Number of protein chains: 2
Amino acid sequence: MLILIALGGNALLKRGEPVTTAAQWSNIRSATRAIASVAGDHQLVITHGNGPQAGLLALQAAAYKEAEPYTLDIIGAATAGMIGYMIEQELGNFLGYDVPIATMLTRVCVDADDPAFRNPTKFVGPVYDAIGAQELAREKGWTFKKDNENWRRVVPSPEPQSIVWHRPIRWLVSQKALLICAGGGGIPVIRHAEDGRLEGVEAVIDKDRTSSLLAQELSADLFVIATDVDGVYDSFGTPQQRLITNTTPQELGDGSYSSGSMGPKVDAASWFVRQTGKRAVIGSLNEIENIICGRSGTSIEANPKGP
Amino acid sequence: MLILIALGGNALLKRGEPVTTAAQWSNIRSATRAIASVAGDHQLVITHGNGPQAGLLALQAAAYKEAEPYTLDIIGAATAGMIGYMIEQELGNFLGYDVPIATMLTRVCVDADDPAFRNPTKFVGPVYDAIGAQELAREKGWTFKKDNENWRRVVPSPEPQSIVWHRPIRWLVSQKALLICAGGGGIPVIRHAEDGRLEGVEAVIDKDRTSSLLAQELSADLFVIATDVDGVYDSFGTPQQRLITNTTPQELGDGSYSSGSMGPKVDAASWFVRQTGKRAVIGSLNEIENIICGRSGTSIEANPKGP
């Protein structure tokens with residue numbers, strides 16, 4: 001079975017934990033231990049978030065005044081390298097060297113006319129006071145919005161349209177390689193209509209939506225969004241809260257599931273199910289074995305088996 | 001013909017040029033234009049340096065006091081991502097989308113007992129005064145040496161022993177993909193004898209030596225070290241200087257060629273020729289077509305054809 005597992009940022013760094021190298025290695029070791037437990041029985045493609053790591057690069061760049069900061073496409077590529085390396089290394093240490101592992105950069109096309117470019121919403125980088133934000137807005141053309149008492153840069157989060165070069169990904173999968181790709185939602189590029197040229201853009205693509213698209217393009221049999229909670233809850237945060245174990249995109253469409261970060265995951269998983277008729281699961285990475293055999297997480301299917 | 005082209009740092013950023021995004025895109029566009037001119041006729045694997053880019057990340061990290069700087073293996077992986085992306089993008093723009101291009105992270109094993117670990121020689125990161133250097137030496141265990149008037153961190157530059165996972169590289173090459181890999185000399189790791197576990201180390205591997213090793217392991221037909229000069233000179237810098245056009249590893253072993261950066265290139269090229277009996281060339285990237293057909297650069301062969 002070909003399974004795409006999207007690792008949430010919290011699988012790599014716990015909420016609120018400082019971005020230290022030691023903490024990242026330790027969390028990645030836990031995450032890859034879980035992944036390794038199912039790698040013998042299934043063909044895996046792993047994707048991952050990059051929020052805290054991209055944030056740290058932005059903070060470091062802002063602190064060094066002698067050079068301009070890198071654009072977000074390049075920062076995305078840098079974090080795909082650093083996080084991909086750490087996952088590859090620890091997965092290899094668990095699996096030994098019979099399973100070849102490859103980390104590939106992945107560019108993802110977005111639409112230059114995506115409405116997200118006119119309404120940037122995703123916070124990145126350091127906080128500024130009003131004057132600092134105004135200066136940077138003038139100097140670099142960045143957009144700022146208020147984040148509590150301070151100002152932060154906001155960037156667009158456009159829809160992923162297509163994976164650039166999924167053929168190499170497919171070839172490696174067909175050779176039974178375990179593939180790590182589409183880190184941080186992929187490197188965002190636009191295609192110029194006049195000559196077909198690709199160019200990087202200042203944007204961040206939601207990693208669950210890119211993972212869903214990749215799972216669709218690779219005809220994955222199962223799409224798992226792995227996070228640090230055990231699934232989607234009905235009436236979350238109330239005394240009546242109840243884990244949803246089996247559901248459909250239709251049911252979720254009407255649900256009251258959407259706590260802050262769960263909404264985009266539900267949408268990305270439902271998108272995969274609607275497009276492919278295959279199953280998607282949102283659940284805890286530690287339960288990955290049970291997720292695969294349908295005993296943990298919120299399983300989303302077009303026609304779910306009974307309760 | 002399978003050709004491995006190692007791009008020097010100067011192909012990506014001219015000597016002394018500031019590390020701006022615009023300068024990097026512009027230089028990478030020139031470099032990839034040259035590479036694209038031969039990609040139709042040959043199967044290519046591209047490697048590249050990362051000196052200025054890794055240096056900038058180190059400077060940015062040093063400027064931001066709230067987080068510890070990343071270790072050199074992780075910085076190497078980050079630069080492989082960012083530079084690999086830029087090369088992949090511009091190559092794709094020249095070649096169109098019939099030639100699939102893939103950028104893969106590459107780890108390279110070094111020997112924990114390599115004498116380089118006892119005698120670090122490679123400068124990285126910012127300059128410090130004596131007191132700043134002493135503090136960091138005590139705090140982080142880094143080694144410092146004098147660089148002109150100031151102090152800079154020095155790190156080991158061990159010999160590459162083996163490429164981790166060259167099977168995926170080989171599969172992609174066999175599918176006619178153009179591969180970008182082993183950026184910055186590869187991510188340096190050591191293998192623990194007791195359990196086979198791989199671990200990153202604070203080191204920088206010479207990118208020409210790693211490229212030579214990779215060319216050997218892939219059985220490349222030709223190994224090109226592309227730089228910004230037209231080859232190796234006899235009596236360089238004197239009125240008698242003369243470009244060496246055809247030579248052997250034996251002749252070079254005795255030569256007076258070695259200006260600062262040329263020595264390691266000559267050694268890496270000669271190593272490939274001795275191990276494989278195939279040809280290596282050191283020359284100017286702009287002359288890549290002529291290099292391949294033997295009309296430019298310094299061609300090194302076990303049994304050279306006459307002048």
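Parameters and conventions
- Residues numbered from 1 in each chain as written.
- Chains lettered and ligands numbered in written order.
- Predicted model: local features only at pLDDT ≥ 70, side-chain atom pairs only at ≥ 80, totals over all residues.
- Heavy atoms only, no water.
- Least-squares fit on C-alpha atoms with pLDDT ≥ 70 in both.
- Contact = heavy atoms within 4.5 Å.
- Salt bridge = Lys/Arg side-chain N within 4 Å of Asp/Glu carboxyl O.
- Helix = DSSP H or I, 4+ residues; strand = E, 2+ residues; numbered from the N terminus.
- Buried < 20%, exposed > 50% of the residue type's maximum accessible area, 1.4 Å probe, protein only.
- Pairing = 2+ DSSP bridges.
- Axes fitted to C-alpha atoms, helices over the stretch in contact; angles between N-to-C directions.
- Polar contact = N/O pair within 3.5 Å; in protein donor to acceptor, adjacent residues only side chain to side chain.
- Buried area = accessible area lost by both parts, 1.4 Å probe.
- Nonpolar A, V, L, I, M, F, W, Y, C, P; charged D, E, K, R; others polar.

Chemist: For this particular structure, what's the right way to read the relation of the copies chain A and chain B?
Modeler: Two chain copies, one operation linking them: a rotation about an axis together with a shift along it. Each copy superposes on the other: chain A lies on chain B with an RMSD of 0.0 Å after a rotation of 180° and an axial shift of 0.0 Å. Given the turn and translation reported, the copies of this chain are related as if by a two-fold rotation axis. Take the interface residues of chain A: 100% of them recur as interface residues in chain B, which is what a same-surface contact looks like.

Chemist: Just to check I follow, could you spell out the pattern of salt bridges for this structure?
Modeler: By the definition in use, this model includes 23 salt bridges over all chains. Between Asp221 of chain A and Lys278 of chain A there is a salt bridge, with its nearest N and O atoms 3.8 Å apart. Taken together, the positions of Asp221 of chain A in the loop between helix H7 (207–217) and strand S12 (222–227) and Lys278 of chain A in the loop between helix H9 (262–276) and strand S16 (279–284) put the pair 57 residues apart, joining distant regions of the chain. Residue classification places Lys278 of chain A among the partly exposed residues on the basis of a relative accessible area of 30%. One salt bridge in this structure joins Asp147 of chain B and Arg152 of chain B, with 3.3 Å as the shortest N-O distance. Judged by relative accessible area, Asp147 of chain B falls into the partly exposed class, the value being 22%. Through salt bridges with shared partners, one network takes in Asp195, Arg197 and Glu199 of chain A.

Chemist: For this particular structure, what's the right way to read the sheet that holds strand S12 (residues 222–227) of chain B?
Modeler: Two modes of strand pairing occur in sheets, parallel and antiparallel, and in both the strands are linked by backbone hydrogen bonds. Residue and element names in this part refer to chain B. Strand order across the open sheet formed by eight strands is S3-S9-S2-S1-S12-S16-S17-S15, with mixed pairing between neighbours. Edge positions in the sheet fall to strand S3 (101–103) and strand S15 (246–247), since each of these pairs with one other strand and no more. Relative to strand S16 (residues 279–284), S12 runs parallel, the two being bridged by six bridges. If you follow Leu222 over to S16, its bridge partner there is Arg279. Lying on the sheet, helix H7 (residues 207–217) is in contact with strand S1 (2–7), strand S2 (43–48) and S12; it crosses S1 at an angle near 170°. Along the sheet, helix H9 (residues 262–276) contacts S12, S16 and strand S17 (298–300); its crossing angle with S16, the most-contacted strand, is approximately 155°.

Chemist: I'm lost on the sheet that holds strand S8 (residues 162–163) of chain A in this one. Help?
Modeler: Overall, mixed pairing links the four strands, which are arranged S8-S4-S10-S11 (chain A) in an open sheet. The outermost strands of the open sheet, each flanked by one partner alone, are S8 and strand S11 (198–200) of chain A. Alignment of strand S4 (residues 107–110) of chain A against strand S10 (residues 187–191) of chain A, held across four bridges, turns out to be parallel. For Val110 of chain A, the partnering residue across the bridge sits in S10 of chain A and is Ile190 of chain A. Helix-sheet contacts for helix H4 (residues 72–95) of chain B involve S4, S10 and S11 of chain A, and the interaxial angle to S11 of chain A is about 155°.

Chemist: Even after reading the chapter, I still don't get the environment of Arg242 of chain B, so can you show me in this structure?
Modeler: Residues and elements named next belong to chain B. Position of Arg242 among the secondary structure elements: in strand S14 (residues 242–243). When its relative accessible area of 48% is taken as the criterion, Arg242 is described as partly exposed. The contacts of Arg242, once residues within four sequence positions are left out, are Val232, Tyr233 and Asp234.

Chemist: Is there a simple way to explain the environment of Asp73 of chain B in this structure?
Modeler: Along the chain, the position of Asp73 of chain B falls in helix H4. In contact with Asp73 of chain B, other than residues within four places in its own chain, are Trp25 and Tyr85 of chain A together with Ile187, Pro188, Gly200 and Val201 of chain B. For Asp73 of chain B, the side chain forms a polar contact with the side chain of Thr71 of chain B, separated by 2.5 Å.

Chemist: I tried to follow the pairing of S1 of chain B on my own but got confused; where do I start?
Modeler: On any regular strand, side chains alternate: one points to one face of the sheet, the next to the other face. Residue and element names in this part refer to chain B. The element S1 is extensively covered by neighbouring structure, given that six of its six residues are classed as buried. Neither face of S1 is open: one carries Leu2, Leu4 and Ala6, the other Ile3, Ile5 and Leu7, and all of them are buried. Relative to S2, S1 is paired through six bridges, and the arrangement is parallel. Across the sheet, residue Ala6 finds its bridge partner in S2, namely Thr47. Of the strand pairs in this sheet, S1 and S12 are connected by five bridges, and their pairing is parallel. Paired with Leu7 across the strands is Ala226, a residue of S12.

Chemist: What is the right way to read the pairing of strand S3 (residues 101–104) of chain A from this model?
Modeler: All names here are of chain A. Alternating positions in S3 separate into two faces, Ile101 and Thr103 on one and Ala102 and Met104 on the other, with burial throughout. The sheet contact formed by S3 and strand S9 (residues 178–181) spans four bridges and is parallel. Note on S9: the bridge partner recorded for Met104 is Cys181.

Chemist: I'm lost on the interface of chain A and chain B in this one. Help?
Modeler: How big an interface is tends to be stated in terms of accessible area lost as the parts join. Taken together, the contact pairs 59 residues of chain A with 59 residues of chain B. At the boundary of chain A with chain B, total buried surface from both sides reaches about 5,000 Å², with 63% on carbon and sulfur atoms. Considering only the side of chain A, the residues that lose the most area to chain B are Tyr70, Tyr97 and Trp165 of chain A, jointly responsible for 15% of the buried surface there. Linking chain A with chain B are two salt bridges, by the criterion used here. Note that Arg107 of chain B is salt-bridged to Glu88 of chain A, the shortest N-O span being 2.9 Å. Linking chain A with chain B are 16 residue pairs in polar contact (both at pLDDT 80 or more), by the criterion used here. Here the element with the most residues in the side of chain A that touches chain B is helix H4 (residues 72–95) of chain A; it accounts for 13 residues. For the side of chain A that touches chain B, the class distribution of residues is 34 nonpolar, 15 polar and ten charged.

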